[in-house]
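# Breakdown of the fold
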Amino acid sequence: MGLPDAAGRPGCFDVDRQRIKLMKRNILARKERDSWRKQLSQAIRTPAELLELLDLTVKDEPANSRFPMLVPRAFASRMEPGNRQDPLLLQVLPDRDENRTAPGFSDDPVGDMASKAGRGILHKYQGRVLLIATGACAVNCRYCFRQAFPYSSEHAGRDQWQAAVEHIANDNSIEEVILSGGDPLMLPTRRLAQLTEMLSGIRHIRCLRIHSRLPIVLPDRITDSLLEWLQSVPWPTVLVLHANHANELDEDVAVAVDRLRKIGVHVLNQAVLLARVNDSVSRLAALMRRTFEIGALPYYLHLLDPVSGAQRFDTSEEHARQLMEGLRRQLSGYLVPRLVREVAGEPYKIPVL
Ligand SMILES: *Cc1c(COP(=O)(O)O)cnc(C)c1O
Ligand code: SF4
């Protein structure tokens with residue numbers, strides 16, 4: 001280590017300081033990166049492990065080979081020990097019912113396959129394209145239509161991004177690019193930055209939207225570098241969270257949302273109406289109030305997509321209507337979500353009134 005020389009030029013000392021600063025920053029960045037990656041690698045993958053953690057007796061749970069169990073510990077920590085009906089537990093615990101077929105339930109309930117505009121890109125609605133940036137998620141939600149989606153062959157990997165970008169560039173009716181999946185925030189931030197860099201030359205794009213459950217199930221994903229990336233993109237940004245119950249939104253999630261809002265990201269939340277998880281006026285109202293409390297606004301409340309294996313979460317449309325009536329009675333208008341159903345072949349998500 002040296003000192004500045006007599007002429008006052010920066011000597012090795014400063015160079016070293018600079019280098020140490022950089023090194024420290026890199027180490028910090030790596031730690032940050034490792035933290036959520038590491039948490040993901042330590043996620044719970046068997047019913048027995050989760051049930052034991054919650055002081056519940058382990059019955060012989062069926063192994064579900066089609067859709068493995070995956071639960072980050074941050075999410076599990078919000079479950080109530082001893083409660084087999086815990087609304088977070090019910091969302092992630094495999095069930096025998098998943099191996100049964102049921103009338104009206106299928107593997108492509110929303111007609112995604114019909115709206116494919118190329119590998120990894122769904123162009124179903126006017127002005128918006130949905131990019132399946134990755135097939136990976138940090139949590140496997142038992143009600144999800146993804147359990148039957150052939151992701152390994154359908155998501156756009158780095159090599160296919162060029163084709164997706166070209167599709168968007170060649171259609172100037174497209175104003176919004178929606179990053180979805182899987183969960184797009186499963187990609188390393190630098191990969192996300194590469195994608196938006198490729199999109200940044202397209203003049204007709206006006207908005208970037210991200211649908212992610214990571215701020216909920218792994219709030220440490222909202223890293224400094226992720227925020228830096230979001231701040232650097234040239235479009236207004238919307239992030240749609242997916243929380244179905246107020247208990248999912250703990251203080252760590254509130255901090256993550258707050259950080260997103262501070263850099264100007266619009267944060268919304270959508271939920272799925274799920275039997276036993278949130279199908280009462282009081283639970284839904286609590287979710288909407290808590291959504292607001294952490295700085296987000298309710299967006300959609302989806303009726304369940306009838307995907308094979310998810311029939312135990314089904315509720316009737318009549319019940320859904322009654323719940324909405326109850327919400328309208330007690331919530332400010334802006335806290336009432338839009339109840340919708342996804343119908344194959346329709347030009348938008350159909351409002352259920
Ligand atoms: C839900 C969805 C969208 C977005 O629809 P919004 O009503 O704008 O939220 C876009 N593309 C596809 C394929 C979708 O399923
Ligand atoms: S796509 Fe969303 S709802 Fe489906 S498993 Fe992944 S995080 Fe859960």
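The structure we're discussing is the one just above.
Here the residue numbering is sequential within each chain, running from 1 through the sequence in written order. Chain labels run from A onward and ligand labels from 1 onward, assigned in the order the entries are written. Where local features are concerned, this predicted model is filtered to residues with pLDDT of at least 70; where side-chain atom pairs are given and counted, the filter is 80 or more; whole-chain, interface and lining totals use all residues. Each side-chain value is derived from all of the structure's non-hydrogen atoms; neither hydrogens nor water enter the calculation.

Attention now moves to the side chain of Ser308. Inspection of the secondary structure assignment puts Ser308 in the loop between strand E8 (297-302) and helix H12 (317-330). Type-normalised accessible area, obtained with a 1.4 Å probe on protein chains alone, sets the label of each residue: buried when under 20%, exposed when over 50%, and partly exposed for intermediate values. A relative accessible area of 14% places Ser308 in the buried class. In what follows, a contact means two residues having at least one pair of non-hydrogen atoms within 4.5 Å. Sequence-distant contacts of Ser308, that is, excluding residues within four places in its chain, are made with Arg66, Phe105, Ser106, Asp107 and Gln147. Numbering of helices and strands runs from the N terminus, with a helix taken as a DSSP run of H or I at least four residues long and a strand as a DSSP run of E at least two residues long.

Our focus in this paragraph is the site of ligand 2. Only a single heavy atom is needed: when it lies within 4 Å of a molecule or strand, its residue is near that molecule or strand. Neighbouring residues of ligand 2: Cys137, Val139, Cys141, Cys144, Arg146, Gly182 and Arg213. Cavity membership is defined here by more than half of the atoms lying within 2 Å of grid points; on that basis ligand 2 lies in the largest pocket. Note on residue categories: nonpolar means Ala, Val, Leu, Ile, Met, Phe, Trp, Tyr, Cys or Pro, charged means Asp, Glu, Lys or Arg, and polar means any other residue, Gly included. Of the residues in the shell around ligand 2, the class split is four nonpolar, one polar and two charged. Of the grid points, spaced at 1 Å and generated over the protein atoms alone, those admitting a 1.4 Å probe that cannot get out make up cavities, while open sets with protein on both sides within 12 Å along at least five of seven lines make up pockets; any residue with an atom within 4 Å of a point is treated as lining. In this scheme, a molecule is assigned to a cavity or pocket if more than half of its atoms are within 2 Å of the grid points.

With that out of the way, let us pick up the packing of aromatic side chains. Planes of paired rings set the category: under 30 degrees apart is stacked, over 60 is edge-to-face and the rest tilted, where pairs are Phe, Tyr or Trp rings (Trp by its six-membered ring) whose centres lie within 6.5 Å. All chains considered together, the criterion is met by three aromatic pairs. Taking 6.0 Å as the distance between ring centres and 85° as the angle between the ring planes, the aromatic pair formed by Tyr143 and Phe313 counts as edge-to-face. You can see Tyr143 sitting in the loop between strand E3 (128-132) and helix H5 (151-154) and its partner Phe313 sitting in the loop between E8 and H12, a full 170 residues away along the chain. Looking at Phe313, the relative accessible area reads 0%, which means it is buried.

On to the sheet that holds strand E2 (residues 121-125), then. Strand pairing is assigned whenever DSSP identifies at least 2 bridges connecting the two strands. Taken together, the ten strands give an open sheet; going across it, the order is E1-E2-E3-E4-E5-E6-E7-E8-E9-E10, and neighbouring strands pair in mixed fashion. Looking at which strands have only one partner, the edges of the open sheet turn out to be strand E1 (116-118) and strand E10 (350-351). Relative to strand E6 (residues 237-242), strand E5 (residues 207-212) runs parallel, the two being bridged by five bridges. Among the inter-strand pairings, Leu208 is bridged to a residue of E6, identified as Thr237.

Lys124, Tyr125, Arg128, Leu130, Ile178, Arg209, Tyr299, Tyr300, Glu342 and Lys349 make up every residue found near ligand 1. Arg209 has a polar side-chain atom sitting 2.8 Å from an oxygen atom of ligand 1. Think of a polar contact as two N or O atoms within 3.5 Å of one another; within protein, one of them needs to be a possible hydrogen donor and the other a possible acceptor, and neighboring residues in sequence only count if both atoms come from side chains. A distance of 2.7 Å is found between an oxygen atom of ligand 1 and a side-chain nitrogen or oxygen belonging to Tyr299. Method for areas: the Shrake-Rupley scheme with a 1.4 Å probe, in which residue coverage is limited to the protein chains shown. With the chains in place, 89% of the 380 Å² that ligand 1 exposes on its own is no longer accessible.

What follows is about the packing of helix H7 (residues 189-199) against helix H9 (residues 224-232). Comment: axis = line fitted to C-alpha atoms, over the contacting stretch for helices; angle = value between 0 and 180 degrees taken between N-to-C directions. It is at 10 Å that the axes of H7 and H9 come closest, and there the two elements cross at 5°. The orientation of H7 relative to H9 falls into the category roughly parallel. Contact residues: Thr189, Leu192, Ala193 and Thr196 in H7; Ser225, Leu226 and Trp229 in H9. When grouped by side-chain class, the residues that make up the contact of H7 with H9 number four nonpolar, three polar and no charged. Angular relationships are summarised with four words: roughly parallel below 35 degrees, roughly antiparallel beyond 145, roughly perpendicular across 65 to 115, and oblique for the angles in between.

The quantities given are spatial measurements derived from coordinates; they are silent on function.
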